[in-house]
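# Understanding the architecture of this molecule
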Amino acid sequence: MPKRRDQIRMSDADFWRFVESQKTVQVATIQRDGSPHLMPLWFALEEGAIVLETFSKSQKVKNLERDPRITLLFEDGDEYPKLQGASVSARAELIQDDVERVHALHMRVLLRNTPEIPEEVLEKASREMAPKKTAILVRPERVVSWDHSKLAGIY
């Protein structure tokens, strides 16, 4: 009999499809006292990386400058048989001094999450904000995933 963990684990392809279907991710960084700092963020995807962006003066960025370890949580479902999720552990790559790269990544996040706003409006806003922003690339090092729908109602 296979272990339940093995039964509900997502394949790599299923993991990326699931992540793509989500809008918000819970982002955990480590504060100076060792406690977690947990915040929701919008994200985008780029070549096997999860792209985040935030203001450079944010607590998340301060934490990552000191300790690049980061954990992301994607989750969905409001009934046990439909629960899906993935916890991603990684070391964050901060992009701060390359304003054009920050702008490009910021635009990816904006375009993905605010399709109702005209691109030229987003472009102007992003250009103004990019010097104050940090882009964060997260390339998964460890993924723990679950998809209870794979149990087909047998618990």
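Located above this text is the structure these notes cover.
Worth saying up front: this structure is predicted, and the values here are computed from it rather than measured.

### As for the pattern of salt bridges
Enumeration according to the criterion identifies 11 salt bridges in this entry. Between E46 and R101 there is a salt bridge, with its nearest N and O atoms 2.8 Å apart. Of this pair, E46 sits in strand β3 (residues 44-46) while R101 sits in helix α4 (residues 99-113); the two residues are 55 residues apart in sequence, bridging distant segments of the chain. R101 gets classed as partly exposed once you look at its relative accessible area, which sits at 29%. D67 is paired through a salt bridge with R69; the nearest N and O atoms lie 2.7 Å apart. The exposure class of D67 is buried, given its relative accessible area of 15%. You can call R69 partly exposed: its relative accessible area is 42%. One continuous salt-bridge network, built from bridges that share partners, spans D14, R17 and K150.

### Observations regarding the packing of aromatic side chains
For the structure shown, the criterion picks out 2 aromatic pairs. Look at F15 and W16: their rings are 4.9 Å apart centre to centre, the planes differ by 70°, and that puts the pair in the edge-to-face class. On the basis of an interplanar angle of 80° and a centroid distance of 5.2 Å, the ring pair of F43 and F74 is categorised as edge-to-face. With F43 in the loop between β2 (36-42) and β3 and F74 in strand β5 (residues 69-76), this residue pair connects regions lying 31 residues apart in the sequence. With a relative accessible area of 0%, F43 lands in the buried category. Overall, the relative accessible area of 0% leaves F74 in the buried class.

### So, the sheet that holds strand β7 (residues 93-95)
The pairing of strands in a sheet comes from backbone hydrogen bonds and takes either a parallel or an antiparallel form. Here we have 4 strands laid out as an open sheet, ordered β3-β4-β8-β7, and antiparallel in their pairing. Edge strands, defined here as strands with exactly one partner in the open sheet, are β3 and β7. In this sheet, adjacent strand axes meet at a mean angle of 35° when their direction is disregarded. Bridge analysis of strand β4 (residues 49-55) against strand β8 (residues 133-138) gives 6 bridges, and the strand direction is antiparallel. In the strand pairing of β8, L52 is matched with I136.

### Details of the sheet that holds β2
Spatial strand order, β2-β1-β5-β6-β9: 5 strands in an open sheet with antiparallel pairing. A single partner strand is all that each edge strand has here, and the edge strands are β2 and β9 (142-147). Ignoring which end each strand starts from, the neighbouring axes of this sheet average 15° apart.

What counts and what doesn't
- Residues numbered from 1 in each chain as written.
- Predicted model: local features only at pLDDT ≥ 70, side-chain atom pairs only at ≥ 80, totals over all residues.
- Heavy atoms only, no water.
- Salt bridge = Lys/Arg side-chain N within 4 Å of Asp/Glu carboxyl O.
- Helix = DSSP H or I, 4+ residues; strand = E, 2+ residues; numbered from the N terminus.
- Buried < 20%, exposed > 50% of the residue type's maximum accessible area, 1.4 Å probe, protein only.
- Phe/Tyr/Trp six-rings, centres within 6.5 Å; stacked < 30°, edge-to-face > 60°.
- Pairing = 2+ DSSP bridges.
- Axes fitted to C-alpha atoms, helices over the stretch in contact; angles between N-to-C directions.

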